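Chain residues, written in single-letter form:
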Amino acid sequence: MHRFILFLSFDLDVDSAEARKGADPVARSRGRFAARRGLFKVLDVLRKHGIRSTFFVPGWVAEQYPELVARIIDEGHEVAAHGYMHERLDELSWEEERKVFESMVSALRKVVGSNLYGFRAPYWKWSSHTLGFITSYGFVYDSSLMDDEEPYIISRNGIRLVELPVDWRLDDWPYLEYYRSLTPSQLLDMWLEEIRYASENNGYLSLTMHPQCIGRGSRIRVLEEVISEAKKLGAWLPTGSELAKNVLHNQERVKEHLEG
Ligand SMILES: [Zn+2]
């Protein structure tokens, strides 16, 4: 039995947002670091530790970089949805958002067939219509909200959607890329403290990383250390769909999977 849950996931944005905004070649190249180098460093670490993880992928990325998505699937990981070109859904009209969902699902289904279970909103921004689109397109789980430290079920019009909540503090992007306010060692310290807290409380922890961020230089050691410590403390490291199915099976809580 495991003592706590670590939902480790990766957002493979590459240069989708920069391409949508018409950003300059250097800005786009920062995103493309994921495609040339970062993703492979992440996959190496996961393979070494025998972990299958979840990669949230914009539909456009699946079309532009099919070899990356094929590699992720070949290595046994889950591919989930993350917008079409990494749109901010709260800035779109109903019809624009419908088109984003349509092109995202169509692009990803060409790659994963019916095995498309999870959705995560780009920038973790929802519009007032987003929940309706998530349920009407048949997703089993969402991973965008920040209102709990445990997975839970959202019931809507007779449909049950699993929420795997997230937190900006548990995302590599703000600290290492956007504000660049922490060194990798400081970020690792904070995350190890959260891992210890989760293990002491039979808890749940969701860590979000980006191959173009955590895959750069020595930052990859943060991923190595996080996995080593989590395994040592008895973590269950499920994919998003494994976790969501477990939540549905146990009605509300996943604690039955844990000891104590
Ligand atoms: Zn993203």
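Please refer to the structure higher up on the page.
This part is about the coordination of the zinc ion. Note on the zinc ion: its protein donors are D13 (OD), D13 (OD), H82 (NE2) and H86 (NE2). The metal-donor distances range over 2.1 to 2.5 Å. Spacing between the donor residues of the zinc ion along the chain follows D-x68-H-x3-H. Remark: H82 occurs in the loop between β3 (78-81) and α5 (94-112) and D13 occurs in the loop between β1 (4-11) and α1 (16-21); sequence separation between them is 69 residues. Pair check on accessibility: D13 and H82 agree, each one buried.

This part is about the layout of surface pockets. The volume enclosed by the largest pocket comes to roughly 690 Å³. Around the largest pocket, the lining is made up of 30 residues, and of these D13, H86, Y123, W173 and Y178 lie nearest the centre. For the lining of the largest pocket, the elements supplying multiple residues, two or more each, are α1, α2 (25-49) and α7 (172-178). Top element by residues in the lining of the largest pocket is α7. It accounts for four residues. Counted as a void, the second largest pocket has a volume near 260 Å³. Lining the second largest pocket are 17 residues, and of these E149, L170, E194, Y204 and L205 sit closest to its centre. If you list the elements that add at least two residues to the lining of the second largest pocket, you get α8 (184-200) and β8 (204-209). By residue class, the composition of the lining of the second largest pocket is eight nonpolar, three polar and six charged.

Let us now look at the environment of I195. Looking at where I195 falls in the secondary structure, it is placed in helix α8. Counting along the chain gives ten residues from I195 to L205, while the straight-line C-alpha distance between them is 7.2 Å. Residues in contact with I195, not counting those within four places in the same chain, are F4, L205, V226, E229, A230 and L233.

A word on helix α10 (residues 220-232). Given 3.6 residues per helical turn, the α-helix brings residues three or four places apart onto the same face. Taking 1.5 Å per residue, 13 residues should reach 18 Å; α10 reaches 19 Å between its end C-alpha atoms and fits that length. By the burial criterion, the buried members of α10 are I220, V222, L223, E224, V226, I227, E229 and A230. Positive backbone phi, at 90°, marks G234, one or two positions downstream of α10.

This next bit is on the pattern of salt bridges. Counted under the stated rule, the structure contains 19 salt bridges. Close ionic contact of D167 with R169 constitutes a salt bridge, the shortest N to O distance being 2.8 Å. Residue classification places D167 among the partly exposed residues on the basis of a relative accessible area of 21%. Among the charged side chains, a network of salt bridges with common partners joins R30, E177, R180 and R219.

Of all hydrophobic cores here, the largest spans 70 residues; its most connected members are F139 and L223. F139 has contacts with A81, F101, M104, V105, L116, Y117, G118, F119, I134 and L161, leaving out every residue within four places of it along the chain. In this structure, V162, Y204, W236 and V247 belong to the second largest nonpolar core, which totals twelve residues.

About the thresholds
- Residues numbered from 1 in each chain as written.
- Predicted model: local features only at pLDDT ≥ 70, side-chain atom pairs only at ≥ 80, totals over all residues.
- Heavy atoms only, no water.
- Donors = N, O, S within 2.8 Å, 3.2 Å for Na, K, Ca; no water.
- Helix = DSSP H or I, 4+ residues; strand = E, 2+ residues; numbered from the N terminus.
- Buried < 20%, exposed > 50% of the residue type's maximum accessible area, 1.4 Å probe, protein only.
- 1 Å grid on protein atoms, 1.4 Å probe; cavity = no way out; pocket = protein on both sides within 12 Å on 5 of 7 lines; lining within 4 Å.
- Points joined across faces, edges and corners; volume = space filled by probe spheres on them.
- Nonpolar A, V, L, I, M, F, W, Y, C, P; charged D, E, K, R; others polar.
- Contact = heavy atoms within 4.5 Å.
- Expected span 1.5 Å × (residues − 1).
- Salt bridge = Lys/Arg side-chain N within 4 Å of Asp/Glu carboxyl O.
- Core = buried A, V, L, I, M, F, W, Y, C linked by side-chain atoms within 4.5 Å.

Bear in mind that shape data such as this cannot, by itself, settle questions of function.
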